[in-house]
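A look at the structure
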Amino acid sequence: MFECNDSSSSSDEELFAVFVERQKQKKEHFLEETIFKYTDLQFLENFRSGEFGKLSGYFYTVVFLWFAGHEAASYRDVADRFRIAISTLRKIVQRMTYFLSNLAPEIITWPTSDERRRIRSQFSLNGFPGVVGVIDGSHVRIDKPSEDPDCYLNRNGFYSLQFQIVCDHRGKIRDVIIGFPGSVHDSRVFRASPLSENLIAKCGGNYILGDSDYPCLKNLLTPYKDLGNLTRAQQRYNAKLSETRSIIEHCFGILKQKFTQLNHLKLRGDHDLANFIRACCVLHNLALEDNFPTLENIELQQSRESIRQEHSYDIQVEELEDDRDGAEMRNHIANLLFSG
């Protein structure tokens, strides 16, 4: 604190110089004297991910995680905090982004047959048989692009890039596609994805669950459209599907709470944006495999509400047509749930 009065002999310039020097001293040994002294809870609150390497690799990771985990932090703030140039920070973010993104083929994998059996068994505890994953999409707010900005303007009125994931019963990401502009509907993202082309082979006799933004297929079950005339069996089916799908909201909530840059990503260029989002998905899975704890009081409800708002607009695209095999499978499951 600085105390100023009329009798003070210090000029404004001198006070400012003292203030700058004190701020400089505070940040000069920030890594050694502050981060190394964090308690486990303080470290978790500020970094929100798993264990790190050492030496330069450690420093790179800490800087990247600080940037990824602090939405409000500017490049200047992060660079000053770690006593590095802004250009160095940009290089660290870019290198770590691409390093982690390139790990995706090893870390984000479709479940093996044995894993599918375990996943199916866990989902069935909720009363919904045959489920090997849950699918949904989310938006990452971005700055207004210089090219084709209207293409990125979503129906909630902000510029965004989309990513679609499939997660299992633990919230582990099993498939991800990133990079569609915010104006593109979930169903079109799905139909353009490799998952859509290979869904039958990936699921076999099982299926994944989606919301009403997706078409009902034999291997992708969605809710009945509620026009006020649903049977009790159909109502029970919709309720069970919604309950079972809640894990995807939890997954998005955890992801955006750990890596708050995903609430408004400040990078430029679709390629860098997509790779940063993928890098966060990789870190999410790594932390999950290491049983890394999440904050006890994490405000997931806010994240879930924001996800619901992403889908709160009226669908203004072509009417989704249900596949005949998908409709038959849905009816079969609805009757099975109602009789059970």
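Residues numbered from 1 in each chain as written. Predicted model: local features only at pLDDT ≥ 70, side-chain atom pairs only at ≥ 80, totals over all residues. Heavy atoms only, no water.

Counted only if it meets this: UniProt positions are given in the numbering used here, feature names are shortened, and annotations may be inferred rather than shown by experiment.
Looking at an unreviewed UniProt entry, one finds the protein named Putative nuclease HARBI1 and attributed to Dendroctonus ponderosae. In its Sequence similarities (unreviewed entry) section, the UniProt record describing the protein reads: "Belongs to the HARBI1 family." The UniProt entry for the protein carries the following comment under Function (unreviewed entry): "Transposase-derived protein that may have nuclease activity. Does not have transposase activity."

Considerations on the overall build of the protein
For the record, the criterion: Here a helix means four or more residues in a row that DSSP labels H or I, a strand means two or more in a row labelled E, and each is numbered from the N terminus. Relative accessibility decides the category of a residue: with a 1.4 Å probe and only protein chains considered, values under 20% of the type maximum give buried, values over 50% give exposed, and everything between is partly exposed. Contact definition: two residues touch when any of their heavy atoms are within 4.5 Å. Surface exposure here means Shrake-Rupley accessible area, sampled with a 1.4 Å probe, where a residue is shielded only by the protein chains that are shown.
Of regular secondary structure, the protein possesses 14 helices and 5 strands. Classification of the 340 residues of the protein by burial places 47% in the buried group. Within the protein, contacts between residues separated by at least 24 positions form 68% of all contacts whose residues are at least 6 apart in sequence. Looking at the protein as shown, the accessible area adds up to about 17,900 Å², and 48% of this sits on carbon and sulfur atoms.

Focus on the packing of helix α6 (residues 86-101) against helix α12 (residues 270-289)
Cut-off, in case you're wondering: Between the N-to-C directions of two axes lies an angle of 0 to 180 degrees, each axis being a line fitted to C-alpha atoms and, for a helix, fitted only over the stretch in contact. Under this scheme an angle from 65 to 115 degrees is roughly perpendicular, one under 35 degrees roughly parallel, and one over 145 degrees roughly antiparallel; angles in between are oblique. Helix crossings fall into two classes, left-handed where the near helix is turned counterclockwise from the far one by less than a right angle and right-handed where it is turned clockwise. Residue type decides the class: Asp, Glu, Lys and Arg count as charged, Ala, Val, Leu, Ile, Met, Phe, Trp, Tyr, Cys and Pro as nonpolar, and the leftover types, Gly among them, as polar.
Running from amino to carboxyl end, α6 crosses α12 at an angle of 60°, the nearest separation of the two axes being 8 Å. Relative to α12, the element α6 is oriented oblique. The two elements α6 and α12 meet at a crossing, and its hand is left-handed. Contacts between α6 and α12 involve Gln94, Thr97, Tyr98, Leu100 and Ser101 on the former and, on the latter, His271, Asp272, Asn275, Phe276, Arg278, Ala279, Val282 and Leu283. Of the residues contributing to the contact of α6 with α12, the split by class is 6 nonpolar, 5 polar and 2 charged.

Some remarks on the pattern of salt bridges
Rules: Whenever Lys or Arg places a side-chain nitrogen within 4 Å of a carboxyl oxygen from Asp or Glu, that contact is recorded as a salt bridge.
On inspection of all chains with the given rule, the structure shows 7 salt bridges. Among the salt bridges present, the one from Glu115 reaches Arg174, with a minimum N-O distance of 3.4 Å. Remark: Arg174 occurs in strand β3 (residues 173-181) and Glu115 occurs in helix α8 (residues 113-124); sequence separation between them is 59 residues. For Arg174, the salt bridge is made with Asp168, and the minimal N-O distance between the two is 3.2 Å. The residues Arg174 and Asp168 share a single accessibility class, namely buried. Three or more residues joined by partner-sharing salt bridges are found here, namely Glu115, Asp168 and Arg174.

Focus: the pairing of strand β1 (residues 131-141)
Worth spelling out the cut-off: A strand pair is defined by DSSP finding two or more bridges across the two strands.
Where burial is concerned, most of β1 is hidden: 10 out of the 11 residues are buried. Pairing geometry for β1 and strand β4 (residues 207-209), over 3 bridges, is parallel. Bridged to Val131 within β4 is Tyr207. Sheet topology places β1 next to strand β2 (residues 160-167); 8 bridges connect them, and they run antiparallel. When the bridges of β2 are listed, Val134 appears paired with Cys167.

A short note on the sheet that holds β1
Taking strand neighbours across the sheet as the criterion, the 5 strands line up as β3-β2-β1-β4-β5 in an open arrangement whose pairing is mixed. Both outer strands of the open sheet, β3 and β5 (220-221), are each paired with one neighbouring strand and no more. Across the sheet, α8 touches β1 and β3, and the angle it forms with β1 is around 85°. Relative to β1, helix α11 (residues 232-258) is tilted by about 50°, and along the sheet it contacts β1, β2, β3, β4 and β5.

Quick word on the confidence of the model for the protein
Applied cut-off: Each residue carries a pLDDT score, the predictor's confidence in it, ranging from 0 to 100.
Of all residues in the protein, 74% have pLDDT values of 70 or greater, and the mean over the chain is 81. For residues 1-28, every residue scores under 50 in pLDDT, and the model assigns this stretch 14 contacts once sequence neighbours within four places are set aside. The model gives residues 311-318 a pLDDT under 50, and that stretch makes 18 contacts with residues more than four places away or in other chains.

What about the environment of Tyr224?
The criterion, for reference: Any N or O atom pair separated by 3.5 Å or less is treated as a polar contact, with the protein-specific requirement of one donor-capable and one acceptor-capable atom, and with residues adjacent in sequence counted only for side-chain atom pairs.
Residue position: Tyr224 is located in the loop between β5 and α11. Under the relative-accessibility criterion, Tyr224 is labelled buried at 10%. Taking the C-alpha atoms as reference, Tyr224 lies 8.6 Å from Arg330; in sequence the two are 106 residues apart. Setting aside its immediate chain neighbours within four residues, Tyr224 contacts Leu230, Gln234, Tyr237, Asn238, Arg330, Asn331 and Ala334. Of the polar contacts made by the side chain of Tyr224, one reaches the side chain of Asn331; its length is 2.6 Å.

Some details on the packing of α11 against helix α14 (residues 324-339)
For the pair α11 and α14, the least separation of the axes is 8 Å and the interaxial angle reads 95°. As far as their axial angle goes, α14 and α11 are roughly perpendicular. Mapping the contact onto sequence places Arg232, Ala233, Arg236, Tyr237 and Lys240 in α11 and Arg330, Ile333, Ala334, Asn335, Leu337 and Phe338 in α14.

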